[in-house]
Amino acid sequence: MAAGLVFLLCAAAVICCVGAQESYDDLPRHHQLGVDLALQKLRSEARVRHHFRFLRTLSKSEIEGGFGARFPYHHFYLKPTTCPKETTASDPQTCPFRNDRPLIDCAVCYKTVGDQIESNPKPYVHCIQKPRLTEDMNTIRADHCKKMRYNSGAPTLLAVSTG
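What you see is a predicted model, and the numbers here were worked out from it, not measured in a lab.

Novice: Is there a simple way to explain the overall build of the protein in this structure?
Specialist: Within the protein, the secondary structure is distributed over three helices and six strands. Counting from the amino terminus, the protein carries its helices and strands in the arrangement α-α-β-β-β-β-β-β-α. Counting all 163 residues of the protein, 33% fall into the buried class. Sequence-distant contacts, at least 24 apart, represent 65% of the contacts inside the protein between residues at least 6 apart. Put simply, the protein shows about 10,600 Å² of open surface, and 57% of that area lies on carbon and sulfur atoms.

This is the structure we're talking about:
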């Protein structure tokens, strides 16, 4: 009986720990695009020396803009792996997480039509090591994304003058 109880406790601990990591593949496609955008930006930075993988979502939202347009906002963590920076693999067995480096806190917002990120308005990507993130940065992120959503610059049919 005691062995059964220990087994149950161990199983619960494993389930709890596994739930801490969300799968990139479980994200909706338009949110995967934002994660890809952040990873692309990190790879292009000369100061960044590590390969990263998606860890988990902190928050996400989206506004439907009409005519198939969406304005996703996604706040998430990236975690460094043991693989070299140039690695394209994102398989957990090939590139396991490392625990000796801080997480990267990212916020992205952009406009999509279908499965494509639009270049106008310009996508916003802000990633920083989690310990360096300040409340002011969080406020700036939120303000920037709110402006993007409400100032998409698209004319409406009602605003067009024919006279």
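Novice: Explanation requested: the nonpolar core in the structure shown.
Specialist: Note that soluble globular proteins tend to have their nonpolar side chains buried in a common cluster. Ranked by size, the top nonpolar core spans 16 residues in total, and within it V35, A38, F52, F76 and L78 carry the most contacts. Broken down by secondary-structure element, the contributors of at least two residues to this core are α2 (29-44), β1 (50-66), β2 (69-84) and β3 (104-109). It is α2 that provides the largest number of residues to this core, a total of five residues. Those residues in contact with F52 that sit more than four places away from it in its chain are L39, L42, L78, K79, P80, T81 and I104. Formed by six residues, the second largest nonpolar core is a distinct cluster that contains Y73, A107, Y124 and C145.

Novice: Teacher, can you tell me more about the state of the cysteines here?
Specialist: Disulfides are covalent bonds that link the sulfur atoms of two cysteine residues. Tallied over the full model, the rule gives three disulfides. With its sulfur 2.1 Å from that of its partner, C106 forms a disulfide with C127. Taking the torsion about the S-S bond as the criterion, the C106 to C127 disulfide, at about 115 degrees, is right-handed. Separated by 21 residues along the polypeptide, C106 in strand β3 and C127 in strand β6 (residues 124-129) bring together distant segments of the chain. Classification of C106 as buried rests on a relative accessible area of 0%.

Novice: Before we go on, may I ask you to explain the packing of aromatic side chains in this structure?
Specialist: Aromatic ring pairs are reported here in terms of the distance separating the ring centres and the angle at which the planes meet. Counted under the stated rule, the structure contains one aromatic pair. For the ring pair F54 and F76, a centre distance of 6.0 Å and an interplane angle of 50 degrees mean the geometry is tilted. Note that F54 is positioned in strand β1 and F76 in strand β2, a separation of 22 residues in sequence. By the burial criterion, F54 is buried, and F76 matches it.

Thresholds, definitions, all that
- Residues numbered from 1 in each chain as written.
- Predicted model: local features only at pLDDT ≥ 70, side-chain atom pairs only at ≥ 80, totals over all residues.
- Heavy atoms only, no water.
- Helix = DSSP H or I, 4+ residues; strand = E, 2+ residues; numbered from the N terminus.
- Buried < 20%, exposed > 50% of the residue type's maximum accessible area, 1.4 Å probe, protein only.
- Contact = heavy atoms within 4.5 Å.
- Areas by Shrake-Rupley, 256 points an atom, 1.4 Å probe, with all protein chains shown as cover.
- Core = buried A, V, L, I, M, F, W, Y, C linked by side-chain atoms within 4.5 Å.
- Disulfide = S-S within 2.5 Å.
- Phe/Tyr/Trp six-rings, centres within 6.5 Å; stacked < 30°, edge-to-face > 60°.

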